[in-house]
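# Examination of the molecular architecture
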Amino acid sequence: MPDLIEADRAPTARHRPRAGAALAALPVAAPVSEVWAALGAAGVLTDLYDHEDPGPGPGTGTAATLDPARLADLIRAVDARGDNGVTLSVLVQAASALPLLAACAPATGPVRQALQEALSGSATVALAATDSAAAGSDLAGLGTEVDIATDGLRLTGGKRWITTACAADRLLVLARHRPGRHFTSFTWVLVPATAPGVRVRPADSDLLGGSATGHVELDGVRLPPDHLVGRPGRGMALFARHMGTERLAGALWAVALTSRVLADTRERLTRRHCDGRPLWHHDAVRQRYAACLVQVRQLRALCESLAERVTRRQDLAAAALLKSAAGLVADPVLAACAQLQGADGFARDGAQTIRAEAGVLGIGGGVTEVVLAAVADHADTLLTELRS
């Protein structure tokens, strides 16, 4: 956040509390707005970005570089609280909404104010890309439209399954400003959640309740011209540039979540007995558990080896590898844990529920099968790397 982080270069900025300390005093059931506020007040959100390399300046399409270690620390700390919905909301805001705002924020105006308030934790932002008029993976088919005139903007359409929508102060809306599927036909618009014509209703789901996910209707919403985020026609390009960050964050969350459930499962296996000995000492149980542990360690190693390529080089092939790996690892590992826990896995908020909620890792930000197609597109490059 180019000039915003200049003020944070003082030595004390490096000694701010890490994410876990920032959240320690919050009640377990704290909603995402309170979690976000605590992270912002402690400087954790600003500290996600490299203070030594702030980038060429606001509005140029390049934000300060994300620090993967700080992002991993943030996700681990939020995941440790056990509310997968809150974790999802924090992840999307920190890894998608903040970078997009930072890349486009001028020196003054509503976009700059939105960025400042989001970083401080005093306001939340919902990334509203998935559209009512198209499948989630078909962003080029979206039907939400923005009419751009010299005297203002007019926004009409709908967004579905938007994380944080029901708790957001602002919506970052992807809309088309001209017909067609070309990537230059789309633009981001900053929409106050209280603007006339904006209606938000909660998604009908018992899963990921803490994410405040909802559906958004935009009925002739009128806004001043300075609510455009970036230049018209740059919306899809900006999204593609920063998509990798969210995919890295999703893979880091998959590591944190599966590690947490694996630890809980092992503790349960040491307490439950069969034939007079703990389940943990049965070979079949140990082998299945160990296979899960290997998979998670492999995913973590992949995150560590590719993180810099994603954050510093915007390597979309590396991001696709991480996204597909997270989807391929999370479900089988969590399914094994749920089965190993037996009937206990069906308890409220137990392993079976966690597994269902973690399904978002294979859908949100790109369905695993679609992302695997992108991996296949880079097969020659990936094979060359493997053989070098």
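Here is what the cut-offs are and how they apply
In every chain, residue numbers begin from 1 and rise along the written sequence. Residues qualify for local features only when their pLDDT is at least 70, as the model is predicted, and side-chain atom pairs are given and counted only at 80 or more; totals for whole chains, interfaces and linings, by contrast, use all residues. Where side-chain values are given, they derive from all heavy atoms of the structure, hydrogens and water being excluded. Fitting a line to C-alpha atoms yields each axis, with helices limited to the stretch in contact; the angle taken between N-to-C directions then spans 0 to 180 degrees. The helix and strand labels rest on DSSP assignments: H or I over at least four residues marks a helix, E over at least two residues marks a strand, and numbering proceeds from the N terminus. Throughout, the term roughly parallel applies to angles under 35 degrees, roughly antiparallel to angles over 145, roughly perpendicular to angles from 65 to 115, and oblique to all others. Here is the rule for handedness: rotate from the far helix to the near one, and if that takes an anticlockwise turn smaller than a right angle the crossing is left-handed, while a clockwise turn gives right-handed. Contact criterion: two residues are considered in contact whenever any of their non-hydrogen atoms come within 4.5 Å of each other. Gly is put with the polar residues, along with every residue not named as nonpolar or charged; the nonpolar set is Ala, Val, Leu, Ile, Met, Phe, Trp, Tyr, Cys and Pro, and the charged set is Asp, Glu, Lys and Arg. Burial classes: relative accessible area under 20% of the type maximum marks a residue as buried, over 50% as exposed, and values in between as partly exposed (1.4 Å probe, protein chains only). Nonpolar cores are built from buried Ala, Val, Leu, Ile, Met, Phe, Trp, Tyr and Cys residues. Side-chain atoms within 4.5 Å join them into one set. Pairing between strands requires that DSSP locate at least two bridges from one strand to the other. Here a cavity means grid points, on a 1 Å grid over the protein atoms only, where a 1.4 Å probe fits yet cannot get out; a pocket means an open set of points with protein on both sides within 12 Å along at least five of seven lines; lining residues are those with an atom within 4 Å of a point. Grid points are joined across faces, edges and corners, and a volume is the space filled by probe spheres set on the points. Aromatic pairs are defined between Phe, Tyr and Trp rings, using the six-membered ring for Trp, whenever the two ring centres lie within 6.5 Å; interplanar angles under 30 degrees are classed as stacked, those over 60 as edge-to-face, and all others as tilted. Note on geometry: a ring has a charge over it if NZ (lysine) or CZ (arginine) is within 6 Å of the ring centre and within 35 degrees of the ring normal. Within a predicted model, pLDDT stands for the predictor's per-residue confidence, ranging from 0 to 100.

What follows is about the packing of helix H3 (residues 68-79) against helix H4 (residues 84-104). The contact between H3 and H4 brings their axes to 9 Å, and the two run at 160°. When the axis of H3 is compared with that of H4, the two are roughly antiparallel. Here H3 runs over H4; the crossing is right-handed. Facing Leu74, Ile75, Val78 and Asp79 of H3, the residues of H4 in contact are Asn84, Val86, Thr87, Val90, Leu91 and Ala94. Grouping the constituent residues of the contact of H3 with H4 by class yields seven nonpolar, two polar and one charged.

Let's shift gears to helix H5 (residues 110-120). Looking at H5, one finds that the buried residues are Pro110, Val111, Arg112, Ala114, Leu115, Ala118 and Leu119. Taken together, the buried residues of H5 touch helix H2 (32-41), H4, strand S1 (125-128), strand S4 (170-176), strand S5 (186-192) and strand S8 (228-229). One or two positions beyond H5, positive phi appears at Gly121, with a value near 90°.

Leu39, Leu74, Val90, Leu172 and Trp188 are the most contacted members of the largest nonpolar core, which has 95 residues in total. When residues of this core are assigned to their parent elements, the largest contribution, 15 residues, is made by helix H6 (residues 235-271). Non-local contacts of Leu172, meaning those with residues more than four positions away in its chain, are made with Ala97, Leu100, Leu101, Val125, Ala126, Leu127, Ala128, Trp188, Val189, Leu190 and Val229. Core analysis: the next-biggest nonpolar cluster, separate from the first, contains 20 residues, Ala126, Leu153, Ala168 and Val173 among them.

All right, on to the pairing of S4 then. Each regular strand shows side chains that alternate between the opposite faces of the sheet. With respect to burial, S4 is a largely interior element, seven of its seven residues being buried. Sheet analysis places S1 next to S4, joined by four bridges and oriented parallel. For Ala126, the partnering residue across the bridge sits in S4 and is Leu171. Judged from the seven bridges that link them, S4 and S5 form a sheet pairing that is antiparallel.

A few words on the layout of surface pockets. As a volume, the largest pocket reaches approximately 1400 Å³. What lines the largest pocket is a set of 50 residues, and nearest its centre among them are Thr130, Ile363, Gly364, Gly365 and Gly366. Counting only elements with at least two residues in the lining of the largest pocket, the list comes to H4, strand S3 (152-162), H6, helix H8 (316-340), helix H9 (351-357) and helix H10 (368-377). Residue composition of the lining of the largest pocket, grouped by class: 30 nonpolar, 13 polar and seven charged. Of the volumes computed, that of the second largest pocket is approximately 420 Å³. For the second largest pocket, the lining is made up of 19 residues, of which Ala72, Arg76, Leu252, Val255 and Arg300 are closest to its centre.

So, about unusual backbone geometry. A negative phi holds for most residues other than glycine; trans holds for most peptide bonds. Of note in this structure, Trp161 is not a glycine but carries a positive phi near 55°. Even without a glycine there, the phi angle at Asp349 is positive, about 60°. Structurally, the position occupied by Asp349 is in the loop between H8 and H9.

At a minimum axis distance of 9 Å, the contact between H3 and H6 shows a crossing angle of 45°. With respect to each other, H3 and H6 are oriented oblique. Handedness of the H3/H6 crossing: right-handed. Facing H3, whose interface residues are Pro68, Leu71, Ala72, Ile75, Arg76 and Asp79, H6 presents Leu248, Ala249, Leu252, Trp253, Ala256, Leu257 and Arg260. Across the contact of H3 with H6, the residue classes break down as 10 nonpolar, no polar and three charged.

All told, the structure shown has two aromatic pairs when counted by the stated rule. Both rings, one in Trp188 and one in Phe239, keep their centres 5.5 Å apart while their planes meet at 80°; by these two values the pair is edge-to-face. On the criterion of sequence distance, the pair formed by Trp188 in strand S5 and Phe239 in helix H6 is long-range, its members being 51 residues apart. An identical accessibility class is assigned to Trp188 and Phe239; each is buried. Ring plane angle 90° and centroid distance 5.1 Å describe the contact between Trp280 and Tyr289, whose orientation is recorded as edge-to-face. Lying over the aromatic face of Trp280, Arg266 brings its terminal NZ or CZ to 4.4 Å of the ring centre.

The subject of this paragraph is the confidence of the model for the protein chain. Mean pLDDT over the protein chain works out to 91, with 92% of the residues at or above the 70 mark. Counting contacts from residues 51-63, a segment whose pLDDT is below 50, to residues more than four positions away or on other chains yields 38 contacts.

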